[in-house]
Amino acid sequence: MFQKAVSWIVFIWILTSFQNAFCQPVSVPGKPWLSEYNVFKDYKGVYVVKKITIPCRAYETFLVDNNGKKLTPAYRDIGDFSGDLAEFVPIELDEEKRGRHGFINRRGEVVIPPIYVSTDKFYEGKTWVIYRSGKQFGLSYIDSTGKEIYKVPIQYFKKDFLISAAQVDMICNYDTREDILWWKGRNYFILNWNFSPFIEKEVKSSKYIYHFLYEGKYGIIDNNMILRVPVSLDDIDPEYKFSGQGMERVKYGDKFGYINVFTGELITDFLYTDTRKPTSGLFWVKKNNKWGCIDKTGKTRIAFLYDEATGFTNEDRSAVAINGKFGHIDKKGKIRTPLQYDFASYYNRGISMVRIDDKYGYIDINNRYIIEPIYDEALPFDKETTIAERLWLRFELSKNGTERFIGFSYKLNAVFILIGLALFIYANNLIYKRMQLNKARRKK
């Protein structure tokens, strides 16, 4: 749906069927010099001409003027002009440089040197280029001067786009019509994504970035038709369940990272095994089995020290734990409640519930008890009052410690139910035995 069909497969069949036709010289009235070439194309006063010696193997391509004067040396191929530039592939005996692509202008001058493995016509002032980048192929966008506009961060996707797994193919006699593909079963993946006009219109109308899905993988392109993240993501979060503050959580393999929701650029590498929704400008993320905090630029703000952590609240506090002991820190990472409790909840309404020696109580932001730890069960203050239990009795508890009895604890209720059930069974058995005894007496 999102990509034009890979044209090289179709063209190979078509061009193979008509190879003999390509080898026939052409003749145009008034231009007898064209008869020495097998193929030509007119680009408003300049011609791309091709001499084919052995179809698909030996051929030369030139740019010539209206009088047949050669404006370039012999090239392997010259593609279609787009504006003032045309892609070209030189004839190169050096194996390292063979098949490289660049651009010439209508005067035959090299504007962008042939250093790329693959590229395409310019569209809206830019084109993509593919090149070797370590063990992978990389992708960038360049303008008509060769200046790089954006470089796709291929280095973050270490399992994909490997040179060793790539298949590079071109159409017979046309080296500028090439594709680089990675096959996974019967499905192929590419770096250079082209969209149908309908989808292109949809992409351009998006406010910032556009997510798309292909064969179970996600990619991200911006409304300038620049691929920001290649089609490798295993999960995205456009509904902001784990994202916010200008960052969207994305997944590659079993690790999470973040992208900029406005530009689509990666802010962090895929480093984190778990994340929490951001609060107060900070993101709790888990790395090497420890929680720490990053900001919206991806910079670490709180070191990766904690086994547990909660979001920051209005009190500038987060409940954290190390080795089973809980306390609180502020957004600067400073410990504000010593890590001395068996449990500590988030702060709400200036109060945190804590547990120590199997008893629950409540502290303020200065670590002072406002309600002593005397309760067997308790809940945080999510409202003006909360529920707490002691001595198997349930109370509605106010922030000043006032109790209002509201019933027995669930445990005590369960005991009452069990006692009642036992008494019911005992009474039934007693009644049954008396009935049997009376029947026996009547028979006598």
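Residues numbered from 1 in each chain as written. Predicted model: local features only at pLDDT ≥ 70, side-chain atom pairs only at ≥ 80, totals over all residues. Heavy atoms only, no water.

> Is there a simple way to explain the confidence of the model for the chain in this structure?
Interpretation of the predicted coordinates at a detailed level should be avoided for regions scoring low in pLDDT. Per-residue pLDDT for the chain has a mean of 89; in total, 91% of the residues score no lower than 70. Below pLDDT 50 for its whole length, residues 1-23 participates in 43 contacts with residues either more than four positions away or in separate chains. (pLDDT = per-residue confidence, 0-100. Contact = heavy atoms within 4.5 Å.)

> Can you walk me through the sheet that holds strand β29 (residues 352-356) in this structure?
Strand pairing within a sheet occurs via backbone hydrogen bonds; the two strands may be parallel or antiparallel. Pairing in this open sheet of four strands is antiparallel, and the strands run β28-β29-β30-β31 from one edge to the other. Each edge of the sheet is formed by a strand with only one pairing partner; in this case those strands are β28 (343-344) and β31 (369-375). Where strand β30 (residues 359-363) and β31 come together, three bridges link them in antiparallel fashion. Pairing of Tyr360 across the sheet is with Tyr375, part of β31. (Pairing = 2+ DSSP bridges. Helix = DSSP H or I, 4+ residues; strand = E, 2+ residues; numbered from the N terminus.)

> In this structure, what is going on with the sheet that holds strand β16 (residues 217-222)? I would like to understand it.
Read from one edge to the other, the open sheet built from three strands follows the order β15-β16-β17, with strand pairing classed as antiparallel. Here the strands that pair on one side only, and so sit at the sheet edges, are β15 (209-214) and β17 (227-233). For this sheet, the mean inter-axis angle between neighbouring strands, taken without regard to orientation, is 15°. Direction of pairing for β15 relative to β16: antiparallel, over a ladder of six bridges. Looking at β16, one finds that Tyr214 is bridged to Lys217. (Axes fitted to C-alpha atoms, helices over the stretch in contact; angles between N-to-C directions.)

> What exactly am I supposed to notice about the packing of aromatic side chains here?
When we look at a pair of aromatic rings, we describe it by the centre distance and by the angle of the planes. The tally for this structure, following the rule as stated, stands at 27 aromatic pairs. Taken together, a centroid distance of 4.8 Å and an interplanar angle of 85° make the contact between Tyr208 and Phe262 edge-to-face. You can see Tyr208 sitting in the loop between α3 (197-205) and β15 and its partner Phe262 sitting in the loop between β19 (255-260) and β20 (274-275), a full 54 residues away along the chain. You can call Tyr208 partly exposed: its relative accessible area is 34%. Judged by its relative accessible area of 43%, Phe262 is partly exposed. Between Trp284 and Tyr306, the aromatic rings sit 6.2 Å apart at their centres with planes inclined by 85°, giving edge-to-face as the arrangement. Of this pair, Trp284 sits in strand β21 (residues 283-287) while Tyr306 sits in strand β23 (residues 300-306); the two residues are 22 residues apart in sequence, bridging distant segments of the chain. Comparing Trp284 with Tyr306 shows no difference in burial state: the two are buried. Taken together, the ring pairs connect Trp183, Tyr188, Phe189, Trp193, Phe195, Phe212 and Tyr214 into an aromatic cluster. Over the aromatic face of Phe62 sits the side chain of Lys70, whose NZ or CZ is 4.1 Å from the ring centroid. For Arg177, the ring lying beneath its charged end belongs to Tyr174, and the centroid distance is 4.5 Å. (Phe/Tyr/Trp six-rings, centres within 6.5 Å; stacked < 30°, edge-to-face > 60°. Buried < 20%, exposed > 50% of the residue type's maximum accessible area, 1.4 Å probe, protein only. Lys NZ or Arg CZ within 6 Å of the ring centre and 35° of its normal.)

> Just to check I follow, could you spell out the state of the cysteines for this structure?
By definition, a disulfide is the covalent link that joins the sulfur atoms of two cysteine residues. Scanning all chains against the criterion turns up one disulfide. Put simply, Cys56 and Cys172 are joined by a disulfide, and their sulfur atoms are 1.6 Å apart. The sign of the S-S torsion, about -90°, decides the handedness of the disulfide formed by Cys56 and Cys172: left-handed. Of this pair, Cys56 sits in the loop between β2 (46-54) and β3 (58-65) while Cys172 sits in the loop between β12 (167-171) and β13 (174-184), placing them 116 residues apart in sequence. (Disulfide = S-S within 2.5 Å.)

> Whenever I open this one, unusual backbone geometry confuses me. Can you help?
Most peptide bonds adopt trans geometry, and most residues besides glycine take a negative phi value. Its identity is not glycine, yet Met225 carries a phi of approximately 65°, on the positive side. Located in the positive-phi region is Asp316, a residue other than glycine, with phi close to 60°. One can find Asp316 in the loop between β24 (308-309) and β25 (318-322).

> Looking at this structure, how should I read the environment of Arg249?
By the secondary structure assignment, Arg249 is in strand β18 (residues 247-252). With relative accessibility at 9%, the residue Arg249 sits in the buried group. Separated by 11 residues in sequence, Arg249 and Pro238 place their C-alpha atoms 8.4 Å apart. Setting aside residues no more than four positions away along its own chain, Arg249 makes contact with Ile236, Asp237, Phe242, Ser243, Phe256, Gly257, Tyr258 and Thr275.

> Hey, could you run me through the nonpolar core in this one?
Taken as a class, soluble globular proteins show a tendency for nonpolar side chains to be buried jointly. Ranked by size, the top nonpolar core spans 30 residues in total, and within it Phe137, Leu139, Leu191, Trp193, Phe212 and Ile221 carry the most contacts. Elements represented by at least two residues in this core include exactly β9 (126-133), β10 (136-143), β13, β14 (187-189), α3, β15 and β17. The next biggest cluster of nonpolar side chains, apart from the first, holds 11 residues, and it includes Phe157, Ile220, Val250 and Ile259. (Core = buried A, V, L, I, M, F, W, Y, C linked by side-chain atoms within 4.5 Å.)

> What is the right way to look at the side chain of Arg228 in this model?
Mapped onto the elements of the fold, Arg228 is located in strand β17. The buried category is assigned to Arg228, whose relative accessible area is 12%. At 2.9 Å, the side chain of Arg228 and the side chain of Asp222 are in polar contact. Once you skip the residues sitting within four places of it in the chain, Arg228 turns out to touch Tyr150, Val152, Pro153, Ile220, Ile221, Asp222, Thr263, Gly264 and Glu265. (Polar contact = N/O pair within 3.5 Å; in protein donor to acceptor, adjacent residues only side chain to side chain.)

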